[in-house]
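Summary of structural features
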Amino acid sequence: MHDPAALASTAVPLLEARNLHAHYGASHVLHGINFAIRAGETVALMGRNGMGKSTLIRTMLGLVRASTGQVLVKGQDMTHTAPHLIARSGIAYVPEGRGIFPNLTVRENLVMAARAGTRGQRDWTLDRVLTSFPRLAERLAHGGGQLSGGEQQMLTIGRALMTNPDLLILDEATEGLAPLISREIWRIVASIRASGIATVLIDKNFAALSTIADRVHILVKGSTVFEADTDQLRAQPHIRETFLGI
Ligand SMILES: Nc1ncnc2c1ncn2[C@@H]1O[C@H](COP(=O)(O)OP(=O)(O)O)[C@@H](O)[C@H]1O
Ligand SMILES: [Mg+2]
């Protein structure tokens, strides 16, 4: 017997862009992107600075207006839908830079984000987040603003997990962090992946991405230039050199 719900969740992308275009004023930044991520997948969105990675995410999440094309969330057309409604459909987004409440404690930051997922799941609780990020457990009563940059990033990811998302999007989560802290973040990303949450990862650390991502999607000047399983990118160093300069 097929389980129709399980079948649908594997077949229909959680988030999809179809022929997506976006502009900032007169500047045409996304040129017809097709992008999809399905339940449980880990996709690396790659490209040099300024190629449109963050804009693609922001446009799919309703934070930048799509000029043409479509955004679908679990098969439903959500183009031009308000960002908070898109977020409510099980998508957690950790933008570039950090989004914590500096005047609230670590515990308050986490607890106020808590909610059940779209299927009622409450897999990620305060206890589980604190087990994953022991540094946060040690600083529960500290104000968010007293944390180091790396700890703030952990708190942002912890807050995202407290929403029990189906899809987690991390935009440059390890940017500017010391190697030791970055390693801790990669370790938690691996455990998030193992827990079945789909993730879109944007990062400059190619080695880390290539061990964790199932697929890669490379943008150059707002167009897709390469899309394949990660193995294929590893086997083709010239693609890396040409499009990523590494
Ligand atoms: N708020 C903005 N207003 C105007 N131009 C922007 C804005 N944000 C980004 N851009 C421009 O859009 C292009 C794509 O940027 P972005 O999506 O941030 O790239 P990436 O995330 O790949 O580094 C760049 O040329 C950038 O300068
Ligand atoms: Mg960016």
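Since the model is a prediction, treat every value here as computed from it, not as a measurement. (Residues numbered from 1 in each chain as written. Chains lettered and ligands numbered in written order. Predicted model: local features only at pLDDT ≥ 70, side-chain atom pairs only at ≥ 80, totals over all residues. Heavy atoms only, no water.)

**As for the packing of helix H7 (residues 149-162) against helix H8 (residues 179-194)**
- Relative orientation of the contacting elements H7 and H8 amounts to 10°, with a least axis distance of 10 Å. In terms of orientation, H7 lies roughly parallel with respect to H8. Handedness of the H7/H8 crossing: right-handed. Residue-level contacts link Gly-150, Gln-153, Met-154, Ile-157 and Leu-161 of H7 to Ile-181, Glu-184, Ile-185 and Ile-192 of H8.
- Residues belonging to the contact of H7 with H8 are distributed by class as follows: 6 nonpolar, 2 polar and 1 charged. (Axes fitted to C-alpha atoms, helices over the stretch in contact; angles between N-to-C directions. Helix = DSSP H or I, 4+ residues; strand = E, 2+ residues; numbered from the N terminus. Parallel < 35°, antiparallel > 145°, perpendicular 65-115°, else oblique. Left-handed = near helix turned anticlockwise from the far one by under 90°. Contact = heavy atoms within 4.5 Å. Nonpolar A, V, L, I, M, F, W, Y, C, P; charged D, E, K, R; others polar.)

**As for helix H2 (residues 53-60)**
- Along H2, 7 of the 8 residues are buried, which leaves the element largely enclosed by surrounding structure.
- Of the residues making up H2, those classed as buried are Lys-53, Ser-54, Thr-55, Leu-56, Ile-57, Thr-59 and Met-60.
- Just downstream of H2, Gly-62 is the residue with a positive phi angle, here 80°. (Buried < 20%, exposed > 50% of the residue type's maximum accessible area, 1.4 Å probe, protein only.)

**Description of the site of ligand 1**
- Contacts to ligand 1 come from Tyr-24, Val-29, Arg-48, Asn-49, Gly-50, Met-51, Gly-52, Lys-53, Ser-54 and Thr-55.
- Take Thr-55: an N or O atom from its side chain is 2.5 Å from an oxygen atom of ligand 1.
- If you tally residues by element for the shell around ligand 1, the top one is H2, at 3 residues.
- Its residues assigned to classes, the shell around ligand 1 comprises 3 nonpolar, 5 polar and 2 charged. (Near = heavy atom within 4 Å. Polar contact = N/O pair within 3.5 Å; in protein donor to acceptor, adjacent residues only side chain to side chain.)

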